[in-house]
Amino acid sequence: MKASVCYKQNDLRTEDLPIPDISDNEVLIKMLACGLCGTDIQKIRGDSVNKPTVLGHEVVGEIVKKGQNVDRFELGDRVITAIHVPCFTCHYCNKGHYTICEQFRTNNIDPGGFAQFIRIPELHLKHLTHKVSDSVTDEEATLIEPIACCLHGLKQADIRPNDSVLIMGAGTIGILHAQLAKIKGANKVIISDMSEFKLQTALKVGCDYAINIAEKNIFEEVNKITHGQGVDVIVIAAGVSSLVSDAINLVRRAGKIIVFSGFDKNKMVNIDASRFFKDEISIIGTYSVTPYEFPEALDLLEKKKLNTQEMITHVFPLDKLSEAIDLSTDPKQSVLKVVIKTEL
Ligand SMILES: [Zn+2]
Ligand SMILES: [Zn+2]
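Residues numbered from 1 in each chain as written. Chains lettered and ligands numbered in written order. Predicted model: local features only at pLDDT ≥ 70, side-chain atom pairs only at ≥ 80, totals over all residues. Heavy atoms only, no water.

Draft legend 1. Examining the overall build of the protein more closely. A tally of helices and strands in the protein yields 12 helices and 15 strands. In terms of overall dimensions, the protein is globule-like: its C-alpha atoms have a radius of gyration of 20 Å, near the 20 Å expected for 344 residues. Projecting the C-alpha coordinates of the protein onto the three principal axes gives extents of approximately 60 × 45 × 40 Å. Within the span of the protein, comprising 344 residues, buried residues form 52% of the whole. In the protein, once contacts between residues fewer than 6 apart in sequence are set aside, the share between residues at least 24 apart is 68%. When the accessible area of the protein is evaluated, it comes to approximately 15900 Å², of which 47% is carbon and sulfur surface. On the protein, the mean spot of the 39 positive side-chain charges and the mean spot of the 45 negative ones are 3 Å from each other. (Helix = DSSP H or I, 4+ residues; strand = E, 2+ residues; numbered from the N terminus. Rg over C-alpha atoms; globule rule 2.2 N^0.38 Å. Buried < 20%, exposed > 50% of the residue type's maximum accessible area, 1.4 Å probe, protein only. Contact = heavy atoms within 4.5 Å. Areas by Shrake-Rupley, 256 points an atom, 1.4 Å probe, with all protein chains shown as cover. Lys, Arg positive; Asp, Glu negative; His and termini not counted. Charge placed at Lys NZ, Arg CZ, Asp CG, Glu CD.)

What follows is the structure, given as structure tokens:
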């Protein structure tokens, strides 16, 4: 079978790997589509994961083989799955922080999403695998994992009616957050970015205000929109650590800042620390997704609550993964979500 193997930084090769064997409690899926995530690009271009490896985790596939003990799924079912299962019993799981569980990052699908066939292990099948209804296309289904990640972070935001929300960064994740904030009842949703294409897309899918920070001063704009009050909730959806200090100056009293993006290690930022005591603001970090967010994400797509058409801008075949990455990291391109398929 074909798989895109990452050997070292920026070295991706389409290779012929053996189709994984499955046990009695597992299934084999044929990959139908797999979204390209910013974290895949970071892992391919950086040194955070051991290589060689096969990346890809926003995957939808068709069950082509199943173990004799599997009764929840049938051959031919179209399913989505994800890559990490928590243990549900450790110190962190007991506190509800399933994504930082010691077990979480140690288990994975085999070999990864960017492969023609994928083995779904027993725990992944039990906790993370869901059948997708025919009303959701393969391309849309790749968004279930990122939507679930956004829902995971937004749980902490506790958005109330009349809240104003600012999303910093209008990539796929930022625009999904904006749409979800609206669904959760936010009154004004503002988004900021430097890409006019991304901002225009955000407006098309329901954002109320878009601020191009290459042209406008975000503090002045947010002040105008919120009549000097600041925003109730801020989601940082761009990997720029200085956004944390901006966010502290933009958040309303009692406001919450959700840090969704990862930053490089040891990035120090200056903040106005007086605001914690005086204004009861909070900063909350969020990472990945737990098994509990997938049903809601799936339901939102099945009920057509989200506009995904505008967001999936490109589809590439598996053997053109490098080209897909070049395109999606080129700031001059009009690109949001890139989806990989085994063949076009
Ligand atoms: Zn992802
Ligand atoms: Zn645990």
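Text resumes after the structure shown.
Draft legend 2. Broad picture of the coordination of the zinc ion (ligand 1). On the protein side, the zinc ion (ligand 1) has Cys 37 (SG), His 57 (NE2) and Glu 58 (OE) as donor atoms, found 2.1 to 2.5 Å from it. In the primary sequence, the donor residues of the zinc ion (ligand 1) line up as C-x19-H-E. Each member of the pair, His 57 together with Glu 58, is buried. (Donors = N, O, S within 2.8 Å, 3.2 Å for Na, K, Ca; no water.)

Draft legend 3. Focus on unusual backbone geometry. Following Lys 51, the chain continues into Pro 52 via a peptide bond in cis, with omega recorded as 5°. In this structure, Pro 52 sits in the loop between helix 1 (38-45) and strand 4 (58-66). In this chain, Asp 110 is followed by Pro 111 through a cis amide linkage whose omega measures 0°. For Pro 111, the location among the structural elements is in the loop between helix 2 (91-94) and strand 6 (117-120). Phi at Asp 158 takes a positive value of approximately 50°, unusual for a residue other than glycine.

Draft legend 4. The arrangement of the sheet that holds strand 13 (residues 282-285) in detail. A sheet is described by the order of its strands in space; here 6 strands give the open sequence 10-9-8-11-12-13, paired in parallel fashion. Every interior strand has two partners, whereas the edge strands, strand 10 (209-212) and strand 13, have only one. On average, adjacent strands in this sheet sit at an angle of 15° to one another, irrespective of strand direction. Taken together, the 4 bridges between strand 12 (residues 251-259) and strand 13 define a ladder with parallel strand orientation. The residue bridging Ile 258 from the neighbouring strand is Ile 284, located in strand 13. Set on the sheet, helix 6 (residues 172-183) makes contact with strand 8 (164-168), strand 9 (188-193) and strand 11 (231-236); between it and strand 9 the angle comes to about 175°. (Pairing = 2+ DSSP bridges. Axes fitted to C-alpha atoms, helices over the stretch in contact; angles between N-to-C directions.)

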